[in-house]
Amino acid sequence: MELKKLDKRVLKLWYIRAAIISLALVGVFANTAIILVATESASDVTLATLLGVGIPVVLLLALTLIMPALRYKMYAWGYDDKRITVKEGVIFRKRVVIPICQIQDLHRTQGPLMLMLKLGGVTISTAGSNFTISTLTTDEADRMIDELERHLETRIEEQKNEEI
């Protein structure tokens, strides 16, 4: 089975999400700074608090802006008539293999940003858990669901024939 890389639009989506998180972090820092200045706290307390909040915010901003590219580079997925395989993770690498015969439900999911970028996720439900391939093009997601549905129907027919 050949593992595929994600579409470039996924990277754009992840950067948009990172920008939203970054704006929230900057907002927390700005609010802290405004409160400290408005309450006219001692300058030592103000400086210590701004450094205590500012340094983690700067580190989180850097991490937030670097992670999408690393995550994109490490993500690969693929499927055939027997299994679905997904490799992901930057710090903690994960390889998930889902046998087709264990699939119970398939769902395509899309949020507002994903709709704008023509991306969708596929959630695969088995008896034990759910797993989401979070960002595929809508065409890839639909094609994957259609092909996996055909594999499942074939398997169900084979089982019915074995019972007879």
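Student: Give me the lowdown on a negative patch on the surface, citing residues and values where you can.
Tutor: A cluster of acidic side chains, namely D146, E149, E153 and E157, defines a negative patch on the protein surface. The topology assignment puts E149 in helix α4 (residues 138-163).

Student: Can you break down the packing of helix α1 (residues 8-38) against helix α2 (residues 43-74) residue by residue, with the values?
Tutor: Where α1 meets α2, the closest approach of the two axes is 9 Å, and the angle between their N-to-C directions is 175 degrees. Classified by the angle their axes make, α1 and α2 are roughly antiparallel. When the residues that make up the contact of α1 with α2 are grouped by side-chain class, the tally is 19 nonpolar, six polar and two charged.

Student: Residue-level account of the sheet that holds strand β1 (residues 76-79), with values.
Tutor: Pairing within the open sheet is antiparallel, and its three strands lie in the order β1-β2-β3. In this open sheet, the two strands that pair with only one neighbour each are β1 and β3 (94-99). Adjacent strand axes in the sheet meet at a mean angle of 5 degrees, parallel and antiparallel pairs treated alike. Both strand β2 (residues 83-88) and β3 contribute to a ladder of six bridges, which runs antiparallel. Bridge pairing in β3 places V86 opposite V96. This element, α4, spans β1 and β2 of the sheet and lies at about 35 degrees to β1.

Student: If you had to explain the packing of aromatic side chains to someone new, which residues and values would you point to?
Tutor: Here the structure, examined in full by the defined rule, presents two aromatic pairs. The ring of W14 has R71 lying over it, and the distance from NZ or CZ to the ring centre is 3.9 Å.

Student: Tell me about the pattern of salt bridges, and name the residues and values.
Tutor: Within this structure, the stated rule accounts for four salt bridges. Close ionic contact of D80 with R83 constitutes a salt bridge, the shortest N to O distance being 3.3 Å. The partly exposed category is assigned to D80, whose relative accessible area is 21%. For R83, a relative accessible area of 32% translates into the label partly exposed. For R108, the salt bridge identified is with D142, shortest N-O distance 3.0 Å. Remark: D142 occurs in helix α4 and R108 occurs in strand β4 (residues 103-109); sequence separation between them is 34 residues.

Student: Which residues make up the nonpolar core, and what values do they have?
Tutor: In terms of nonpolar packing, the biggest core is built from 28 residues, with I84, I133 and M144 touching the most fellow members. For this core, the secondary-structure elements that each account for two or more residues are α1, β1, β2, β3, β5 (119-126), β6 (130-137) and α4. No other element matches the five residues that α4 contributes to this core. Ignoring any residue separated from it by four or fewer positions in sequence, one finds I133 in contact with Y75, I84, V86, G120, G121, V122, I124 and M144.

Student: So, the layout of surface pockets: which residues are in play, and what are the values?
Tutor: Within this model, the largest pocket holds a volume of roughly 180 Å³. With four residues, α4 is the single largest residue contributor to the lining of the largest pocket. Here the residues of the lining of the largest pocket sort into three nonpolar, two polar and four charged.

The rules behind each value
Residues numbered from 1 in each chain as written. Predicted model: local features only at pLDDT ≥ 70, side-chain atom pairs only at ≥ 80, totals over all residues. Heavy atoms only, no water. Patch = residues over 30% accessible without salt bridge, like charges linked within 9 Å, V, L, I, M, F, W, Y side chains within 5 Å. Areas by Shrake-Rupley, 256 points an atom, 1.4 Å probe, with all protein chains shown as cover. Salt bridge = Lys/Arg side-chain N within 4 Å of Asp/Glu carboxyl O. Lys, Arg positive; Asp, Glu negative; His and termini not counted. Charge placed at Lys NZ, Arg CZ, Asp CG, Glu CD. Helix = DSSP H or I, 4+ residues; strand = E, 2+ residues; numbered from the N terminus. Axes fitted to C-alpha atoms, helices over the stretch in contact; angles between N-to-C directions. Parallel < 35°, antiparallel > 145°, perpendicular 65-115°, else oblique. Nonpolar A, V, L, I, M, F, W, Y, C, P; charged D, E, K, R; others polar. Pairing = 2+ DSSP bridges. Contact = heavy atoms within 4.5 Å. Phe/Tyr/Trp six-rings, centres within 6.5 Å; stacked < 30°, edge-to-face > 60°. Lys NZ or Arg CZ within 6 Å of the ring centre and 35° of its normal. Buried < 20%, exposed > 50% of the residue type's maximum accessible area, 1.4 Å probe, protein only. Core = buried A, V, L, I, M, F, W, Y, C linked by side-chain atoms within 4.5 Å. 1 Å grid on protein atoms, 1.4 Å probe; cavity = no way out; pocket = protein on both sides within 12 Å on 5 of 7 lines; lining within 4 Å. Points joined across faces, edges and corners; volume = space filled by probe spheres on them.

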